[in-house]
Amino acid sequence: SPAWAASTIDTVRARGYINCGVADNAPGFSEVDAEGRWRGLDVEFCSALAAAIFADKSAVKFRALQAADRFKSLQEGEIDVLLRVTAWTLSRDSDLGARFTAPLFYDGQGFLVPRNHAVSSVLELSGASICVLPGGSGERAVSEFFTRTKMRYQLVTSPRWEDLVKAYAAGGCTALTGDLSLLASQRSRMGKPAEHALLAETIAKEPLGPYVKAGDEAWFTVVRWTI
């Protein structure tokens, strides 16, 4: 039998819809609106994928995933395609049995700072405390950048993004770091958005797009060409 005989696309066709892994609160990418409908770029992509396979953009179900569970859900077949504002990295392609298809959105890791700190460049953050999610590409990028530029820094970490935002808002750190799209969204929801500034520079490239299981060429091809 050809290697693609048991492809995900056969499973999807037999089921009659796609299971799409997304975030449940990522404005601009995936969130449920006031009328209970999914909205955002990741949502539109999954609808396009359903249209490509079934000629019906509604033949898709969305599964809200936590960041820590997303690749496990893909490997265990709970979802057919993973978006969830997920960036392309070497370790994810090589260690997690997943394969990045193509960039859907080009993002970058940046910094959000209070305007009253009078900071206009990342090169002015020497000695700063940085709020960052622990153990991921974001923390690694901060460490590499500050080491390379020979600047002092202190990390303030929490496994929950909401707790990091609270720490930043309460003055517990000088800057909040993450994807610029996420930081822009977070700033828009603050009490006084104009009092916070996004620094222009990025310290890491974050191309975002769909992941599929490694080794499934037929499904990989369908997802990539839908982009």
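As the structure is a prediction and not an experimental result, all values here were calculated from the model. (Residues numbered from 1 in each chain as written. Predicted model: local features only at pLDDT ≥ 70, side-chain atom pairs only at ≥ 80, totals over all residues. Heavy atoms only, no water.)

As for helix α5 (residues 137-148)
Along its twelve residues, α5 runs 16 Å from first to last C-alpha, staying within 8% of the 16 Å computed at 1.5 Å per residue. For α5, the complete set of buried residues consists of Gly138, Ala141, Val142, Phe145 and Phe146. Projection of α5 onto a plane perpendicular to its axis shows the buried side chains occupying an angular sector of 120°, all on one side. Among the exposed residues of α5, those pointing more than 90 degrees away from its buried face are Thr147 and Arg148. Check the buried side of α5 and you find it contacts β8 (105-114), β9 (128-132), β10 (153-157), β11 (175-179) and β13 (204-208). With its phi angle positive at about 55°, Lys150 sits one or two positions after the end of α5. (Helix = DSSP H or I, 4+ residues; strand = E, 2+ residues; numbered from the N terminus. Expected span 1.5 Å × (residues − 1). Buried < 20%, exposed > 50% of the residue type's maximum accessible area, 1.4 Å probe, protein only. Arc of directions from axis to C-beta. Contact = heavy atoms within 4.5 Å.)

Brief notes about the state of the cysteines
Going through the model one piece at a time under the given rule, you end up with two disulfides. Cys20 shares a disulfide with Cys46; S-S distance 1.8 Å. Taken together, the residues Cys20 in strand β1 (residues 18-22) and Cys46 in helix α2 (residues 41-54) connect sequence positions 26 residues apart. Considered together, Cys20 and Cys46 belong to a single accessibility category, that of buried residues. (Disulfide = S-S within 2.5 Å.)

Here we look at the layout of surface pockets
Of the volumes computed, that of the largest pocket is approximately 1,400 Å³. What lines the largest pocket is a set of 44 residues, among which Ala67, Arg84, Leu133, Trp161 and Leu182 lie closest to the centre. Secondary-structure elements contributing two or more residues to the lining of the largest pocket are β2 (25-26), α3 (70-75), α4 (90-95), α5, α6 (161-169), β11 and α7 (180-188). Its residues assigned to classes, the lining of the largest pocket comprises 18 nonpolar, 15 polar and eleven charged. (1 Å grid on protein atoms, 1.4 Å probe; cavity = no way out; pocket = protein on both sides within 12 Å on 5 of 7 lines; lining within 4 Å. Points joined across faces, edges and corners; volume = space filled by probe spheres on them. Nonpolar A, V, L, I, M, F, W, Y, C, P; charged D, E, K, R; others polar.)

Some words on unusual backbone geometry
Of note, the phi angle at Val85 is positive, near 50°, even though the residue is not glycine. In this structure, Lys150 takes a positive phi of about 55° despite not being glycine. Within the fold, Lys150 resides in the loop between α5 and β10.

Some thoughts on the sheet that holds strand β3 (residues 30-32)
Here three strands make up an open sheet; going across it, the order is β2-β3-β4 and the pairing antiparallel. Only two strands of the sheet have a single partner each, and these edge strands are β2 and β4 (38-39). Pairing of β2 with β3 involves two bridges; the strand directions are antiparallel. Residue Asn25 lies in a different strand from β3, and its bridge partner there is Glu31. (Pairing = 2+ DSSP bridges.)

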